[in-house]
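Results of the structural survey
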Amino acid sequence: KARTFRTWLEHLQATGRLAVIDKKVGLQYEIAAIAKKLDGQKAAYFTKVEDYEIPVVSGICSTRSDFAEALGTDPYGMISKFTEAVTSPMPCQLVERQSAPVKENVVLENIDLLQMLPIPFHHEKDSGNYITAGLFIVRDPVTRKQNVSIHRLQVSGKDKLGVLLLPRHTFHLYKKAEELGQSLDCAIVIGTDPVTLLASQASTPFGVDELEIASALRGEPLEVVRCETVDIDVPAFAEIVLEGKILPHVREPEGPFGEFPKYYGPRSEKEVVQITAVTHRTNPIFYTIVPAGYEHLLLGGIPREASLFETVRQTVPTVKAVHMSLGGTARYHAIVSIKKRNEGEGKNVILAALANSFDIKHVVVVDEDVDIFDMEEVEWAIATRFQAEKDLIVIHGTQGSKLDPSTNNGVGSKMGLDCTVPMGSEPMRYLRIKIPGFDQLDIETYIS
Ligand code: FMN
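Note that this is a predicted model, so its numbers are computed, not measured. (Residues numbered from 1 in each chain as written. Predicted model: local features only at pLDDT ≥ 70, side-chain atom pairs only at ≥ 80, totals over all residues. Heavy atoms only, no water.)

Space inside the largest pocket adds up to approximately 1500 Å³. Around the largest pocket, the lining comprises 49 residues; the ones closest to its centre are Ile150, Leu166, Arg168, Phe260 and Arg304. By residue number, the principal contributor to the lining of the largest pocket is helix H9 (residues 294-315), which donates five residues. Within the lining of the largest pocket, the residues separate by chemical class into 16 nonpolar, 21 polar and 12 charged. Counting residues domain by domain, the lining of the largest pocket receives three or more from each of domain 1 (77-283) and domain 2 (295-418). (1 Å grid on protein atoms, 1.4 Å probe; cavity = no way out; pocket = protein on both sides within 12 Å on 5 of 7 lines; lining within 4 Å. Points joined across faces, edges and corners; volume = space filled by probe spheres on them. Helix = DSSP H or I, 4+ residues; strand = E, 2+ residues; numbered from the N terminus. Nonpolar A, V, L, I, M, F, W, Y, C, P; charged D, E, K, R; others polar. Domains from an automatic or database assignment.)

This next bit is on the site of the ligand. Neighbouring the ligand are 20 residues; Asn147, Ile150, Arg152, Leu164 and Arg168 lie closest to it. One nitrogen or oxygen atom from the main chain of Leu164 is found 2.8 Å from a nitrogen atom belonging to the ligand. In this structure, a nitrogen atom belonging to the ligand sits 2.9 Å away from a side-chain N or O atom of Arg168. Notes on the ligand: free accessible area 650 Å², of which the protein chains cover 91%. (Near = heavy atom within 4 Å. Polar contact = N/O pair within 3.5 Å; in protein donor to acceptor, adjacent residues only side chain to side chain. Areas by Shrake-Rupley, 256 points an atom, 1.4 Å probe, with all protein chains shown as cover.)

Let us now look at a negative patch on the surface. A cluster of acidic side chains, namely Asp371, Asp374, Glu376 and Glu379, defines a negative patch on the protein surface. Within the secondary structure layout, Glu376 lies in helix H11 (residues 375-385). For Glu376, a relative accessible area of 63% puts it in the exposed group. (Patch = residues over 30% accessible without salt bridge, like charges linked within 9 Å, V, L, I, M, F, W, Y side chains within 5 Å. Salt bridge = Lys/Arg side-chain N within 4 Å of Asp/Glu carboxyl O. Lys, Arg positive; Asp, Glu negative; His and termini not counted. Charge placed at Lys NZ, Arg CZ, Asp CG, Glu CD. Buried < 20%, exposed > 50% of the residue type's maximum accessible area, 1.4 Å probe, protein only.)

On to the pairing of strand E21 (residues 362-367), then. By the criterion of burial, E21 is predominantly enclosed, with five of the six residues buried. Note that strand E20 (residues 333-338) and E21 share six bridges and pair parallel. In the sheet register, Ala334 faces E21, and the bridge partner there is Val363. In this region the chain leaves E20, passes through helix H10 (residues 345-356) and returns to the parallel neighbour E21; the handedness of that crossover is right-handed. (Pairing = 2+ DSSP bridges. Right-handed = clockwise from strand over helix to strand, strands pointing away.)

Attention shifts here to the domain arrangement of the protein chain. What the domain assignment reports for the protein chain is domain 1 (77-283) and domain 2 (295-418). Of note, the centres of domain 1 and domain 2, computed from C-alpha atoms alone, are 30 Å apart. Contact residues are listed per partner, giving 15 residues for domain 1 and 17 residues for domain 2. Of all residues in domain 1, Ile79, Leu198 and Phe260 give up the largest surface area on contact with domain 2, accounting jointly for 40% of the area buried on that side. Where domain 1 meets domain 2, there are zero salt bridges. Counting across the domain 1 and domain 2 interface gives zero residue pairs in polar contact (both at pLDDT 80 or more). When contributions to the side of domain 1 that touches domain 2 are tallied by element, the ones reaching two or more residues are helix H4 (78-87) and helix H7 (194-199). Counting residues per element, the side of domain 1 that touches domain 2 draws most heavily on H4, which supplies four residues. (Contact = heavy atoms within 4.5 Å. Buried area = accessible area lost by both parts, 1.4 Å probe.)

Right, let's get into the packing of H9 against H10. Axis separation between H9 and H10 bottoms out at 9 Å; the angle between their running directions is 135°. Looking at the two axes, H9 sits oblique to H10. For the element pair H9 and H10, the recorded crossing hand is right-handed. Here H9 contributes Arg304, Ser307, Leu308, Thr311, Val312 and Thr315 to the contact with H10, which in turn contributes Asn348, Val349, Ala352, Ala353 and Asn356. Residue composition of the contact of H9 with H10, by class: five nonpolar, five polar and one charged. (Axes fitted to C-alpha atoms, helices over the stretch in contact; angles between N-to-C directions. Parallel < 35°, antiparallel > 145°, perpendicular 65-115°, else oblique. Left-handed = near helix turned anticlockwise from the far one by under 90°.)

If you want it as structure tokens, here you go:
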């Protein structure tokens, strides 16, 4: 089902989750607005985008169940499956170009990105048209291991993109190349299966190739093919691949751009990608992620949950579940449920969760009876099991997300709420009210 972008779209269509929009739509705002209206319900497939021949798709996975289904599990099995793949990646399989649909068309000259591809313009104050759903692949020249992540890409010229490289793995490899006065080869892959997309967001130690995590998640090697103009291997069944180089010692203005916290990331001097080739399937489909939509939030949130779960488990082995909630942008709010065995463990969970990622700002810890995926339940736990005087931890002056506008360029406070019931509480005090027979009752049999 989730083998390729196309087979996943077919699956969505067969299950009534693909909205086909045949009405002609504009690149600027209209695609984003329609996709956002359908967010969490259906993927949008735009067949007529201005005068382009290439259709646009958005929202291929916009619920937790969508991702779970693509991974061949349910929302509760997703985190362990992802962790397993991160800890035991599987090599990809390099195939010949004849077996790679992404090589059906190769463009080496006269590249004009905006003329070739329907690249949308998403939010009001964005600086331009942006590629938001490209898997950005680079290679470590020493180990030859590749790294995969997603980076926002502003169309800055006919064959030029501005890129935001936060200080993680891609940035590190780029800086090493730049110090030697060299460019860094890259490939931007648009339109892969949802499993490969999710794998790109894994939090891994430096040196792990996320395409190998994709292989492990699929249970068989992902087929990859060598690029035409750069030393990079890309998924052979991708819709579109842009090949290029991040130029050394070149910076140009990029942004502002509407980001996951639902605010704009600022304009500043950023690295530049020079495009050297475009390859694509015949009748390719363009894929866009509307920033701050559920697809964007969950893509970051699910791999973060896998990493958070492991970190908390090292401290409190009885962790039941973790949830990076959507209201917390799936980055800033962590909710953790535990089976508390020792007094104080709720606070240890808070410390572990805050240490897991600088992005995590607020942590709520609850007992295992609370369904942490139901935010009304979580609020109820805060309302009835928490006393700020003894259950609150606040730490000032820590590094957080620079995209959180309430921080001082990232520096701000962290907070943890321990909503676990004190051990040895008098039994009736925290006993949930219950109507016997409620769970089994079928209401339909009572209504005429
Ligand atoms: N990270 C960035 O550094 N810059 C971006 O512009 C950026 N945009 C993203 C857009 C989307 C839709 C998603 C899902 C993620 C984005 N990220 C961005 C996050 C990285 O892709 C992610 O943290 C990745 O795991 C980093 O991989 P690495 O640690 O191997 O470099």
